[in-house]
Amino acid sequence: MKQNIWTTYSEDQLRELQDITDRYKSCLDEGKTERECVELSIRMAREAGYRDLKEVMAAGEGLKTGDKVYAVNMDKMLALFRIGEEPISAGMNILGAHIDSPRIDVKQNPLYESDGFSYLDTHYYGGIKKYQWVAQPLSLHGVIAKKDGSVEKVNIGESEGDPIFVITDLLIHLAQEQLEKKASKVIEGEKLDLLIGNRPIGEVIGDKDQKEAVKANILQLLKEKYDMNEEDFASAELEIVPAGRARDCGLDRSMILSYGQDDRVCAFTSLFAMLDVTEAKKTGCCLLVDKEEIGSVGATGMHSKFFENTVAELVAMTEGESELKVRRALMNSRMLSSDVSAAYDPMFAEAFEKRSSAYLAGGVTFNKFTGSRGKSGSNDANAEYIAALRKAMDDAGVAYQFAELGRVDLGGGGTIAYIMANYGMEVIDSGVAVLNMHAPYEVSSKADVYEAVKGYRAFLKM
Ligand code: MN
Ligand code: MN
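The model shown is predicted, which means the values in this text are computed figures rather than measured ones.

Parameters and conventions
Here, residues in each chain are numbered from 1, in the same order as that chain's written sequence. Labels are handed out in written order, letters beginning with A for the chains and numbers beginning with 1 for the ligands. Confidence filtering applies because this is a predicted model: local features only for residues at pLDDT of at least 70, side-chain atom pairs given and counted only at 80 or more, and all residues used for totals across whole chains, interfaces and linings. Processing note: side-chain calculations cover all non-hydrogen atoms of the structure and skip hydrogens and water entirely. Because water is not among the atoms used, a metal site may look incomplete, as its donors are only the N, O and S atoms within 2.8 Å, or 3.2 Å for Na, K and Ca. Numbering goes from the N terminus for both helices and strands, where a helix is a DSSP run of H or I of at least four residues and a strand is a run of E of at least two. Think of it in three bands: residues with accessible area under 20% of the maximum for their type are buried, residues over 50% are exposed, and the middle band is partly exposed, with areas taken using a 1.4 Å probe on protein chains only. One less than the residue count of a helix, multiplied by 1.5 Å, gives the span that helix is expected to have. The directions considered for the arc are those from the helix axis to the C-beta atoms. Contacts are residue-level and defined by heavy atoms, with any inter-residue pair within 4.5 Å sufficient.

Participant: Break down the coordination of the manganese ion (ligand 2) for me, citing the residues and quoting the values.
Facilitator: Those donors, D262 (OD), E293 (OE), E293 (OE) and H438 (NE2), are the protein atoms that reach the manganese ion (ligand 2), and they lie 2.1 to 2.5 Å from it. Along the chain, the residues donating to the manganese ion (ligand 2) are arranged with the sequence spacing D-x30-E-x144-H. A separation of 3.2 Å is found between the manganese ion (ligand 2) and the manganese ion (ligand 1), which are bridged by D262. One end of the pair, D262, is in helix α6 (residues 261–276); the other, H438, is in the loop between β19 (433–435) and β20 (442–445), with 176 residues separating them in the sequence.

Participant: Quick rundown of unusual backbone geometry? Include the residues and the values.
Facilitator: With an omega of 10°, the peptide bond running from D262 to D263 counts as cis. Tracing the sequence through the fold places D263 in helix α6. Here the phi dihedral of D227 falls at roughly 50°; this positive angle occurs in a residue that is not glycine. For D227, the position within the fold is in the loop between α5 (213–226) and β10 (236–242). Even without being a glycine, N436 presents a positive backbone phi close to 70°. By the element assignment, N436 lies in the loop between β19 and β20. Looking at N436, the relative accessible area reads 43%, which means it is partly exposed.

Participant: How would you explain the coordination of the manganese ion (ligand 1) if you had to name every residue and give the values?
Facilitator: Protein coordination of the manganese ion (ligand 1) is provided by H98 (NE2), D262 (OD), D339 (OD) and D339 (OD), with donor distances spanning 2.1 to 2.6 Å. Each donor residue of the manganese ion (ligand 1) lies on the same chain, and together they follow the pattern H-x163-D-x76-D. Taking relative accessible area as the criterion, H98 reaches 2% and is therefore assigned buried. According to the relative accessible area criterion, D339 is buried, its value standing at 8%.

Participant: Can you lay out helix α9 (residues 383–395) for me, pointing to particular residues and giving the numbers?
Facilitator: Given 3.6 residues per turn, any residue in an α-helix points the same way as the ones three and four places further on. The end-to-end C-alpha distance of α9 is 18 Å, a good match for the 18 Å that 13 residues give at a rise of 1.5 Å each. Buried within α9 we find Y385, I386, L389, A392 and M393. Projection of α9 onto a plane perpendicular to its axis shows the buried side chains occupying an angular sector of 120°, all on one side. Structural note: α9 exposes E384, K391 and D395 on the side pointing more than 90 degrees away from its buried face. At its buried positions, α9 is contacted by β14 (334–338), β16 (364–367), β17 (400–402), β18 (426–431) and α11 (446–460). G397 sits one or two residues past α9 and shows a positive phi near 65°.

Okay, structure coming up:
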């Protein structure tokens, strides 16, 4: 067991830790989808003096040292920049993290009635243990885009008076056959449908002729609330996530239990650091991306050209249009690709190798490599870059640890590091260790959240 960093703090540090983790918890509550995270991050950035790059360009203004801008992609991906003293082509310090989390999505023809109940048909997103998502309170978040161009926001199940939803499980008394199944089959993907109603329309007047009266009632409620028709589900993005707030965990309140800490624990701490650091030699960047959980694909994932295109705009505004300078900017950059790491769990000790595990309350985690079985698919960070990071962290008094995800022949997981490494920049996987990763509720240490913010600040000043 490595040192538990709680014992190292002064009273002042404990106050700052409390402050940061309170802010972090309220961000988790407000940002339960990638869209909500982008909206919240933009609001915080604007309060800190950031301007939309589009506004700056439309006004025909240039950018100079100290200027702060952001670029948003389809409301699901966001890049913040603070222009440094050196030209951008000399390289940036980039903090990257993802803001999508494992969840259950509503399908495009979702609404149906079955034996007096109404359901939404679903398709889960990212790697989940399906059996963890039944029999617990769920909320519905997202948007309904309509043909007239309007977009209705949906958020049901988080406010005190809101209804919530559930995916049912089979009672234990009848579960003898179910319990014989493999865990991956106990609850199957097509059985993860969301229960949303049981009350027929027209019950007051006793209309017995109404077909699928429970579904009809739901449609009427949706019409009243969102002015939507059944066909509008086709252009909706509705995400089912655990209902409720981030909570202190443990009698000593040392931990946080919440949905979505993969990877918002890295995203919000990166954002905090980005907004805190107002002066640096290098241009600072905080990049919050979508779609990591399904392979970083799509227009809002890390594989998209959005980031590169945005850097090209910035180079054009500061150093003049130059394809070569854009390439230099990317190649000369350094990045912390931040994602959660699996924390050592004594309850599942057999899955870990103790010397190379990340520990809760062990500080920021660095993974030289991720990948699986023979480092496959990993960005293997350079020793020289790691040495420079060690110095920066030590100089700033940041606690950190080096780890890998699980036992050699067992584990593995992808991040966005290898994609950015394609530009030839220095990238390392870093982040915060989490217990219960990918479960509806994940556990982080408040001390690690604090060290992450400190570590990211130090990185931006490198
Ligand atoms: Mn992740
Ligand atoms: Mn993940």
